[in-house]
Amino acid sequence: MKKLFILFAVVVFTSVQVFAQTALIVKQDGARVYLDISEFKEKPKVNDTFTVTFWGGELKNPKTGKVLGKTIERRLNGKITEVEPLYAVGTINNIGKGDKLEGLEANITILPIVQYTTVPQPQQNAQQNNLTPLWQSAPLEGKALAFTAGDIMGSGENNLVIAYEDNNIISYNLQNNKLNKVTEFKLSPLNKIISLDNGDLNGNNKAEIFVSYFDTAKNNFNTSVYEFENNTWAEKANFRGLVKGIAPYNKERILYTQNINNMSGKFKPLNPAVLKYKDGKYEAGEQLKAYKFQSIYGFNLGKFDGDKDQVIYTQSSGKLRLQFDKKSSYINSPSEFNFASTPNRIKFDNDIVKFYSSLALYSGEGGIIIAGLENKAKLGILSSTFGYYQSGKLILLKWDGSSLESFADAPLGGYTVDLMQGSLGNYQDVLIIPFITSAGKTTVLLYPAK
């Protein structure tokens, strides 16, 4: 890997806080509702969205008796049409005959103004390019370094797990459209967290958490495996190398592991391999083969051409490369996007090692949609300790069978650390994207993946 040249850049940007607020419906006129926003710190805007939920009975885990929340009978969706100093007016899109809404709460999504960039394609309609988030969290204290989402409690429901800059790892559940803290534990300050992932490799019906980090004292890369048991987190294993998962196109999520060595003072990544659990140990299985591809970060697999899986991965140039079986046969993404711009980087001896954001693959009309992230930097030296990213963007590309074309993009309200395709709360098959605002707080967005 080549050493990083010093780079200076100036970016002019506007940062907007993103969060949700709850308003009481004080009057209803058919599908038209009036919302009390007199106590709002941030007023909603015309075209901001909101939901009204009809809750059912209490939901419990029959084995543990743990209360998981309430079932959802129905959820109505609406849009703000007018904003006055103390109240807002909205219209419900899917109101039912006889629905009585006065006195119920509306959860309003207050978002930055999102502008979309799309490639003109006559066969597509506006709905395909609609990147409006389904939900976003209130700001969480601290800057996220990494995250994952999985069933860590064995309850059948995914938890969101976030590792913060202070090495605190907190898990949340999403109930009533709010993130609630469930558990937390802390990693040693000598270890710089690189990524989190999860999976039930030991087959006990709950996911282990894989915390990959750089040991600053020993100058090597390791992964610790934690499991939640007896109301606490227990470390089950620790091994050399990193762990990161992908969700291949139309397949279940797979965890990969990769060792990173220092050979004669040079950064040397070994080939990534499937992570296996055998005889009480976590070990490397079948290696992934790809030309010039040496990172378990920033890649995915899909049947882009024929019956075999091809790899699409992030290059140091910032482009994505779709690699076919023949070494000379590949296609790069458009040059206007930089998928290698990531805040997740480590100074390892004389090199700056960059850990690229994940790529998600899902179905779109007429092709495969590739979701990736881009970040922009302010003036500073782009090393492991100097220079910070300020703004991020969700980018969608489309594979139509012959090329990777720009499909849509959505600016975010801060820089991003990663994305994951999965489920959270009542939201199924979504893109989960945390980002850090200019105030140094983390906010989580959910976008539809289909």
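Above: the structure in question.
Residues numbered from 1 in each chain as written. Predicted model: local features only at pLDDT ≥ 70, side-chain atom pairs only at ≥ 80, totals over all residues. Heavy atoms only, no water.

**Brief notes about the sheet that holds strand β18 (residues 254-258)**
Within the open sheet, the 4 strands sit side by side as β17-β18-β21-β22. Their pairing is antiparallel. With one partner strand each, in any of the chains shown, β17 (242-246) and β22 (281-287) form the two edges of the open sheet. Across the sheet, the axes of successive neighbouring strands diverge by a mean angle of 50 degrees, strand direction being ignored. As defined by bridge partners, β18 adjoins strand β21 (residues 273-278) across 2 bridges and the pair is classed as antiparallel. Each bridged residue has a counterpart across the sheet, and for Thr 257 the counterpart in β21 is Ala 273. (Pairing = 2+ DSSP bridges. Helix = DSSP H or I, 4+ residues; strand = E, 2+ residues; numbered from the N terminus. Axes fitted to C-alpha atoms, helices over the stretch in contact; angles between N-to-C directions.)

**Digging into the sheet that holds strand β11 (residues 168-175)**
What the 4 strands build is an open sheet, ordered β9-β10-β11-β12; its pairing is antiparallel. Of all the strands in the sheet, just β9 (144-150) and β12 (178-186) have a single pairing partner and so form its edges. Each strand axis lies, on average, 25 degrees off the axis of its neighbour in the sheet, ignoring direction. Note that strand β10 (residues 159-164) and β11 share 4 bridges and pair antiparallel. Opposite Ile 162, over in β11, you have Ile 170 as the bridge partner.

**Brief notes about the pairing of strand β29 (residues 360-364)**
Here β29 pairs with strand β30 (residues 367-377) via 5 bridges, running antiparallel. Bridge pairing in β30 links Tyr 362 to Ile 369. Once β29 ends, the chain turns through 2 residues before running back antiparallel as β30, passing Gly 366 with a positive phi of about 90 degrees.

**Considerations on unusual backbone geometry**
Of note, Asn 176 is a non-glycine position whose phi angle comes to about 55 degrees, a positive value. On the secondary structure map, Asn 176 appears in the loop between β11 and β12.

**A word on the environment of Asn 250**
Within the secondary structure, Asn 250 is located in the loop between β17 and β18. By relative accessible area, Asn 250 is classed as exposed at 61%. Between the C-alpha atoms of Asn 250 and Tyr 362, which are 112 residues apart in sequence, the distance is 7.3 Å. (Buried < 20%, exposed > 50% of the residue type's maximum accessible area, 1.4 Å probe, protein only.)

**Quick word on the packing of aromatic side chains**
Applying the stated criterion to the full structure yields 19 aromatic pairs. Geometrically, the ring pair formed by Phe 185 and Trp 233 is tilted, given 5.2 Å between the ring centres and 40 degrees between the ring planes. Highlighted residues: Phe 185 in strand β12 and Trp 233 in strand β16 (residues 232-240), separated in sequence by 48 residues. Overall, the relative accessible area of 13% leaves Trp 233 in the buried class. Arranged with centres 4.9 Å apart and planes meeting at 45 degrees, the rings of Phe 214 and Phe 221 form a pair that is tilted. Each of the two residues, Phe 214 as well as Phe 221, counts as buried. What links up through ring pairs into an aromatic cluster is the set Phe 214, Phe 221, Tyr 297, Phe 348 and Phe 355. Over the aromatic face of Tyr 330 sits the side chain of Arg 321, whose NZ or CZ is 3.5 Å from the ring centroid. (Phe/Tyr/Trp six-rings, centres within 6.5 Å; stacked < 30°, edge-to-face > 60°. Lys NZ or Arg CZ within 6 Å of the ring centre and 35° of its normal.)

**A few points about the pairing of β10**
Of all the 6 residues making up β10, 6 are buried; the element is thus mostly covered by neighbouring parts of the structure. Here β10 shows a buried face lined by Asn 159, Val 161 and Ala 163 and a second buried face lined by Leu 160, Ile 162 and Tyr 164. The antiparallel hairpin formed by β10 and β11 contains 3 residues in its connecting segment, where Asn 167 sits at a positive phi of about 70 degrees.

**Focus: the pattern of salt bridges**
A full pass over the atoms with the stated rule returns 11 salt bridges. For Arg 32, the salt bridge identified is with Glu 82, shortest N-O distance 2.7 Å. One end of the pair, Arg 32, is in strand β2 (residues 32-36); the other, Glu 82, is in strand β4 (residues 67-83), with 50 residues separating them in the sequence. For Glu 82, a relative accessible area of 31% puts it in the partly exposed group. For the salt bridge of Lys 244 with Asp 418, the shortest nitrogen-to-oxygen distance reads 2.6 Å. Of this pair, Lys 244 sits in strand β17 while Asp 418 is found in the loop between β33 (415-416) and β34 (420-424), placing the two residues 174 residues apart along the sequence. Across the pair, Asp 418 and Lys 244 agree in class, each one buried. Counted as one network, the salt bridges with shared partners bring together Lys 251, Lys 303 and Asp 309. (Salt bridge = Lys/Arg side-chain N within 4 Å of Asp/Glu carboxyl O.)

**Examining the environment of Lys 181**
Relative to the helices and strands, Lys 181 is located in strand β12. Along the chain, Lys 181 and Asn 159 lie 22 residues apart, while their C-alpha atoms are 9.8 Å from each other. Leave out the neighbours within four places in its chain, and Lys 181 touches Ile 170, Ser 171 and Tyr 172. (Contact = heavy atoms within 4.5 Å.)

**What about the side chain of Asn 167?**
Within the fold, Asn 167 resides in the loop between β10 and β11. Residue Asn 167 is classed as buried on the basis of its relative accessible area, which comes to 6%. Of the polar contacts made by the side chain of Asn 167, one reaches the backbone oxygen of Ser 188; its length is 2.7 Å. (Polar contact = N/O pair within 3.5 Å; in protein donor to acceptor, adjacent residues only side chain to side chain.)

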